[in-house]
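Here is how the chains run, residue by residue.
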Amino acid sequence: MASTEHSTTTTTASEMEEEKEAPPPQDLTLGRVRDALIRQEDSIVFALIERARFPYNAPAYDPSLLPQHGGRSLVEALAREVEVLQAKFGRYQNPEEVSFFPDDLPAPSLIPYNFPEVFHPASASVTANNAIWNMYLNDLLPLFTVEGDDGNYASTAAADLVCLQALSRRIHYGKYVAEVKFREAPQDYTTAIRAKDRDALMKLLTFEAVEEMVKRRVLKKAMVFGQTVTLEDKTFDDETKYKVDPEVVARLYDEWVIPLTKDVEVEYLLRRLD
Ligand SMILES: C=C(O[C@@H]1C=C(C(=O)O)C=C[C@H]1O)C(=O)O
């Protein structure tokens, strides 16, 4: 286990090795997991703001734009190639990262970092990425982009991928939430898991007051991060123009992010005793 306190100021080579280790799984608490989710809200709001710089750019989603890519749209072709490259350099060694196209990813070619093994092995592979991909492209994108085509298809697709990865990371964080909730009340969860009772699990893991706070906070973040900053003092009013409609961000969380996170939690828990 990594030691964070040393009685002397002399650090040996083996201690330096030890210090590089990530915190052990025992450090996992619901408070820390929630703090991570709060920080990820910033990433999601900023990613949406960056994507909203471009209009919808329909050709980026139309496979006929790329005749040599076997019927794949530019966004899919780019995502697949970026994932291959990032896999090579170790992105998916971090259990927080879940690939959209996991088939045929190369093995990482770097010396591995010792990420703590938090997840129960049978639950680790839970993925909601198909649902996230479809939700983002079909439901969300048209809600926060303006109509139009400015030809910036590669930049548009790259911005989409940043949004998709941020959403995926947040939603799959549900695995950490589920693990920590299970550890806090193993008896309650074990009964529901053994009975394969999804509704009971959903009830056990749901904290409505927390969800309400999350939705109110992301609305506010979209207002704060998405306003035009000027040197004059000003307050929010009906005339304020935001880079991404704060109501859309709140709706994203309400209709998709929170429900998908909870689905990940349930799927994780259902395999927790395998
Ligand atoms: C993530 C948690 O679990 C559930 C999902 C939430 C979310 O996705 O924001 C919030 C509260 C819970 O209903 C949590 O308890 O923090």
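See the structure above.
Residues numbered from 1 in each chain as written. Predicted model: local features only at pLDDT ≥ 70, side-chain atom pairs only at ≥ 80, totals over all residues. Heavy atoms only, no water.

## As for the pattern of salt bridges
So the rule is basically this: Definition used for salt bridges: Asp or Glu carboxyl oxygen within 4 Å of a side-chain nitrogen of Lys or Arg. Working definition: helices are DSSP H or I runs of at least four residues, strands are E runs of at least two. Numbering for both runs from the N terminus.
Inspection of every chain in the model, using the stated rule, returns 20 salt bridges. Where Arg-272 meets Glu-179, a salt bridge forms, and the shortest distance between an N and an O atom there is 2.8 Å. Of this pair, Arg-272 sits in the segment after helix 10 (246–270) while Glu-179 sits in helix 6 (residues 174–184), and the two are 93 residues apart along the sequence. Connected through shared salt-bridge partners, Arg-39, Glu-41, Asp-42, Arg-217 and Lys-221 make up one network.

## Focus on the environment of Asp-254
What counts, and what does not: When checking whether two residues touch, look at their non-hydrogen atoms; a contact exists if any pair is within 4.5 Å.
Within the secondary structure layout, Asp-254 lies in helix 10. The sequence separation of Asp-254 and Glu-211 amounts to 43 residues, and the corresponding C-alpha distance is 8.3 Å. Apart from the residues within four sequence positions on either side, Asp-254 is in contact with Lys-215 and Pro-259.

## Quick look at the environment of Arg-217
Relative to the helices and strands, Arg-217 resides in helix 9 (residues 208–225). Separated by 33 residues in the primary sequence, Arg-217 and Ala-250 have C-alpha atoms spaced 8.6 Å apart. Aside from chain neighbours lying at most four places away, what touches Arg-217 is Ile-38 and Glu-41.

## Focus: the packing of helix 9 against helix 10
Under the convention used in this document: For helices, the fitted axis covers only the stretch in contact; all axes are lines through C-alpha atoms, and the angles between them, taken along N-to-C directions, range from 0 to 180 degrees. Each crossing gets its handedness from the near helix: less than a right angle anticlockwise from the far helix is left-handed, clockwise is right-handed. Ten residue types, Ala, Val, Leu, Ile, Met, Phe, Trp, Tyr, Cys and Pro, are classed as nonpolar, four, Asp, Glu, Lys and Arg, as charged, and the remainder, Gly among them, as polar.
At a closest axis distance of 9 Å, the pairing of helix 9 and helix 10 adopts a crossing angle of 145 degrees. Every pair of crossing elements has a handedness; the one defined by helix 9 and helix 10 is right-handed. Taking contact as the criterion, the partners of Glu-211, Val-214, Lys-215, Val-218, Leu-219, Ala-222 and Met-223 in helix 9 are, on helix 10, Pro-246, Glu-247, Val-249, Ala-250, Tyr-253, Asp-254, Ile-258 and Lys-262. Partitioned by chemical class, the residues of the contact of helix 9 with helix 10 number 10 nonpolar, no polar and five charged.

## Some details on the site of the ligand
Condition: The near set for a molecule or strand comprises every residue that places at least one heavy atom within 4 Å of it. Polar contact is defined as a pair of N or O atoms within 3.5 Å, subject to the rule that within protein one atom must be able to donate a hydrogen and the other to accept it, and that residues adjacent in sequence are counted only when both atoms are side-chain atoms. In this description, accessible areas are obtained by the Shrake-Rupley approach with a 1.4 Å probe, and a residue is regarded as covered only by the protein chains that are shown.
The local shell around the ligand holds 15 residues, among which Arg-34, Arg-170, Lys-181, Phe-207 and Glu-211 are the closest. A distance of 2.7 Å separates an oxygen atom of the ligand from a polar atom in the side chain of Arg-34. Between the ligand and the protein, one listed contact pairs an oxygen atom with a backbone N or O atom of Phe-207 at 2.8 Å. In the complex, the protein chains occlude 99% of the 360 Å² of accessible area that the ligand would expose alone.

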